[in-house]
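Given next are the chains, with one letter for each unit.
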Amino acid sequence: MARRLTGAESNRGVTRRTVLAVSALAGTTAVAGCLTGDGDDVPAPITIEAGRLCDNCTMDIVDYPGPVGQSFYDDPEALLDDAEDRPAQFCSSLCTYAFLFEHEDEQEPDVVYLTDYSTVEYEIDTGGDEPEISSHVDADDFGRADDLTLIADSGVEGAMGASIIGFSDADDAAAFAADYGGDSYEHGEVSQELIMSLM
């Protein structure tokens, strides 16, 4: 059953257009398959803890709906504001890709993870202006981006409004798109142009 978001969950102090326009670079370079580790020897996803701010837009990740992401780098300290040895973590799939594109000339991630909606019991909240999909931040809720079928520009929003929602089961992705619209992409097909078009 869908629930109405209240309190901090519904606080939209930063507009999605402002955040992504500032952080995204102009261009249409596609995220190549080399942006994720080709082998199985990559770090496992971790749970995103309360209070963790998005490394792209600084919004509190757990306070917002929709898919979230994380990416592991060999030298995260060179890209992140803090000195912790941790993955970059994001409040949305759009912030995940915006960060990848912004830093692709500096470092390529070992692996990128997004929420895998084939593995979670998600809800669609229809109580606001637009339907929003629930957020899931536990380590087991993530799938490798290059293993997911991604539905972009559906009628269902996340933290930044328009979203890219991933499914490890292609049939789940097709069913979601049949219900809510959107176009299907693979990770390597996601371009900076697509991200900009969703802002």
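Our subject in this report is the structure included herewith. None of these values were measured; they are calculated from a predicted model.

### Remarks on unusual backbone geometry
Phi angles above zero are rare outside glycine, and T58 is one such case at about 70°. With respect to the helices and strands, the residue T58 is situated in the loop between helix 1 (16-23) and strand 1 (69-72). Of note, D153 is a non-glycine position whose phi angle comes to about 65°, a positive value. On the basis of relative accessible area, D153 is assigned to the partly exposed category, the value being 47%.

### Some details on the sheet that holds strand 7 (residues 149-152)
Read from one edge to the other, the open sheet built from 3 strands follows the order 8-7-9, with strand pairing classed as antiparallel. At either end of the open sheet lies a strand with only one pairing partner, and these are strand 8 (164-167) and strand 9 (183-185). Averaged over all pairs of adjacent strands, the angle between their axes in this sheet comes to 30°, without regard to strand direction. Sheet topology note: the strand 7/strand 9 ladder contains 3 bridges and is antiparallel. Its bridge partner being in strand 9, L150 is matched across the sheet by Y185. Set on the sheet, helix 3 (residues 170-180) makes contact with strand 7 and strand 8; between it and strand 7 the angle comes to about 10°.

The rules behind each value
- Residues numbered from 1 in each chain as written.
- Predicted model: local features only at pLDDT ≥ 70, side-chain atom pairs only at ≥ 80, totals over all residues.
- Heavy atoms only, no water.
- Helix = DSSP H or I, 4+ residues; strand = E, 2+ residues; numbered from the N terminus.
- Buried < 20%, exposed > 50% of the residue type's maximum accessible area, 1.4 Å probe, protein only.
- Pairing = 2+ DSSP bridges.
- Axes fitted to C-alpha atoms, helices over the stretch in contact; angles between N-to-C directions.
- Contact = heavy atoms within 4.5 Å.

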